[in-house]
Amino acid sequence: MSGRLGGLVAAELRKAVATRSVRLLVVLGAVLCAAWATVQVLVFDPDDVVAAYGMAQQGYPAVMIAGILLSAGEYRHRTVTWAYLVTPTRVPVIGAKVVAGAAVGLGAGLLAAVVTVPLVMVLLATRDAPLFDPAVPLALLGSVLGTALWCVFGVAVGALVRNQSAAIAVALLWTFYAEWTLIMLVPEVGRWTPTGAAKAASGWTRVDLPVAGSVLPAWAGALVFLGYALVAVALAGATVRRDVT
Amino acid sequence: MISVTALTTSFGRVRAVSDLTFDVPAGRVTGFLGPNGAGKTTTLRTLLGLVRQDSGTALIDGSRYVDLPDPVRTVGAVLESTAFHPGHSARVHLEALCLAARIPTRRAGEVLDEVSLLDAADRRVGGFSLGMRQRLALASALLGDPAVLVLDEPANGLDPEGIHWLRGHLRALAADGRTVLVSSHVLTELSLMADEVVVINDGHLLTRLPVTPDLERVYLDAIRAAR
């Protein structure tokens, strides 16, 4: 990393850590993971050990919003002017935000894993289910890295849309309703959506309701989701020259 | 030294700045005066690379802003006094700028002291008065100790004491040999602060006037003659 980009990343992290809503969303993400893990084991399927641990990625809506705040928040508060005065070429600012977003997302993913793993162990023990499966470490890795990518995805969406409220609304409605509807009802299509791919990366293997279908293999899901994140980042970088008035 | 030459900037079909030419010399405070909507902010944003012009040039020491190797150490800018994250402290705002511009973060404390805001350094900017925000904006512009200062309505929201303070500050900066360009739509503010004013109206250069006791009359005559 060049010194210049290093300084920009440090600046973005300084701002991210100082933003209360970002900190709250990271914590909320871990809470969501704990709630979903509980539901998965106690309500859905106590035998799917991998899916239970993979709930460590279920905080993704909160983490994605945190990512959106990191970029669109600068337009909302008009602070992007300062960033572009320091770095008038602008693209390095997006690059630094992506790196900072990945770091925030990685932190969120690790926090979620630290909360989810012991909770799932206790829950599985109460159900007399096996506590471990050889696929669990990879599912956890997929969950943590997937969470980091969700934050990056949010950074890119926020930089593209710029209007913070609109970016949050569009991202939530799309991932929750459009993508989950596809995953549930048209899994052949749904598994290729960002949510479908990210879920696959976290070790989620089946679609139970209401149409039978399968998701991508974990590695393929990870690659597809990485692809989405990179395309979103590229679009954000390509549109960064728009006027700031 | 700032040179604006034949600058034209439009937003869609609205022409905000039209064939505008003027220079801002070093060593004095130059006012940039015109009614609301005259194109002052657009001119300054184009100069700072935030908005793209249709044609013409706006150069700082002969370079476009985007081509400056170290913009923060060359130009200090105040564009909007409200442009702060309300949840960040003044110190966080300034330290993030320092990190991005690779300036030692201790400069944050120094400029806060310079604008008499050190006591409020760790308070959230959301609770700042407009005058405090103006001081913080000026502190941000001073971080890189630049030779050129571009200030858009910096006196907006300042009380009489604040305006007095700003005037003293800008005069000292200009006396140091710096180039200082200050916009305002309030003539009396500029008549107190500037050595001369560049007057624009409707995106066009109207005239250039020295600050004299009869500035108001001369200005009004010029504006009326343009209608």
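Given the structure is predicted, the values throughout are model-derived calculations rather than measurements. (Residues numbered from 1 in each chain as written. Chains lettered and ligands numbered in written order. Predicted model: local features only at pLDDT ≥ 70, side-chain atom pairs only at ≥ 80, totals over all residues. Heavy atoms only, no water.)

Colleague: What exactly am I supposed to notice about the overall build of chain A here?
Modeller: Helix and strand content of chain A: 11 helices and 2 strands. From first element to last, N terminus to C terminus, chain A shows the α and β order α-α-α-α-α-α-α-α-α-α-β-β-α. Relative to the globule expectation of 18 Å for 245 residues, the C-alpha radius of gyration of chain A, 18 Å, shows essentially globular dimensions. In terms of its C-alpha atoms, chain A occupies a principal-axis envelope of roughly 60 × 35 × 30 Å. Residue burial in chain A is summarised as follows: out of 245 residues, 55% are buried. When contacts within chain A are restricted to residue pairs at least 6 apart in sequence, those whose partners lie at least 24 apart make up 80%. (Helix = DSSP H or I, 4+ residues; strand = E, 2+ residues; numbered from the N terminus. Rg over C-alpha atoms; globule rule 2.2 N^0.38 Å. Buried < 20%, exposed > 50% of the residue type's maximum accessible area, 1.4 Å probe, protein only. Contact = heavy atoms within 4.5 Å.)

Colleague: Explain the side chain of Arg107(B) to me, please; I cannot follow it from the model alone.
Modeller: Residues and elements named next belong to chain B. Mapped onto the secondary structure, Arg107 falls in helix 4 (residues 106-114). For Arg107, a relative accessible area of 15% gives the class buried. Within the local environment of Arg107, its side chain forms a polar contact with the side chain of Glu110, the two groups lying 2.9 Å apart. Apart from the residues lying within four places of it in its own chain, the contact partners of Arg107 are Cys98, Leu142, Leu143 and Asp145. (Polar contact = N/O pair within 3.5 Å; in protein donor to acceptor, adjacent residues only side chain to side chain.)

Colleague: When you look at the pairing of strand 7 (residues 179-184) of chain B in this model, what are you seeing that I'm missing?
Modeller: Side-chain direction in a regular strand flips from residue to residue, so the side chains alternate between the two faces of the sheet. Residue and element names in this part refer to chain B. Counting buried residues in strand 7 gives 6 out of 6 residues, a clear majority hidden from the surface. Bridging between strand 3 (residues 29-33) and strand 7 involves 5 bridges; their strand directions are parallel. Opposite Leu33, over in strand 7, you have Ser184 as the bridge partner. Where strand 6 (residues 148-152) and strand 7 come together, 5 bridges link them in parallel fashion. Within strand 7, the residue paired with Val150 across the bridge is Leu181. (Pairing = 2+ DSSP bridges.)

Colleague: Honestly, the packing of aromatic side chains in this entry has me stumped. Any pointers?
Modeller: Given two aromatic rings, one states the distance between the centres and the angle between the planes to describe the pair. Within the structure shown, the criterion is met by 7 aromatic pairs over all chains. Ring centres of Trp150(A) and Phe153(A) lie 5.7 Å apart, and the angle between their planes is 90°; on these two criteria the pair is classed as edge-to-face. Pair noted here: Trp150(A) and Phe153(A) are both in helix 7 (residues 136-161), with a separation of 3 residues, about one helical turn. With relative accessibility at 13%, the residue Phe153(A) sits in the buried group. Both rings, one in Trp180(A) and one in Trp204(A), keep their centres 5.5 Å apart while their planes meet at 80°; by these two values the pair is edge-to-face. Linking Trp180(A) in helix 8 (residues 164-185) with Trp204(A) in the loop between helix 10 (194-201) and strand 1 (206-207), this pair joins segments that are 24 residues apart in sequence. Given a relative accessible area of 14%, Trp204(A) falls into the buried group. The ring of Trp204(A) has Lys199(A) lying over it, and the distance from NZ or CZ to the ring centre is 5.1 Å. Here the guanidinium or amino end of Arg135(B) rests over the ring plane of Trp165(B), the centre of that ring lying 4.5 Å away. (Phe/Tyr/Trp six-rings, centres within 6.5 Å; stacked < 30°, edge-to-face > 60°. Lys NZ or Arg CZ within 6 Å of the ring centre and 35° of its normal.)

Colleague: Please explain the UniProt feature "transmembrane region" (unreviewed entry) in chain A as it appears in this structure.
Modeller: Residue and element names in this part refer to chain A. Taking the numbering used here, the UniProt-annotated feature "transmembrane region" (unreviewed entry) corresponds to residues 21-44, 50-70, 98-126, 138-161, 168-186 and 218-240. In residues 21-44, helix accounts for 100% and strand for 0%; the two terminal C-alpha atoms are 32 Å from one another. Helix makes up 100% of residues 98-126 and strand 0%, whereas the separation of the span's terminal C-alpha atoms amounts to 41 Å. (UniProt positions renumbered as here; feature names shortened; annotations may be inferred.)

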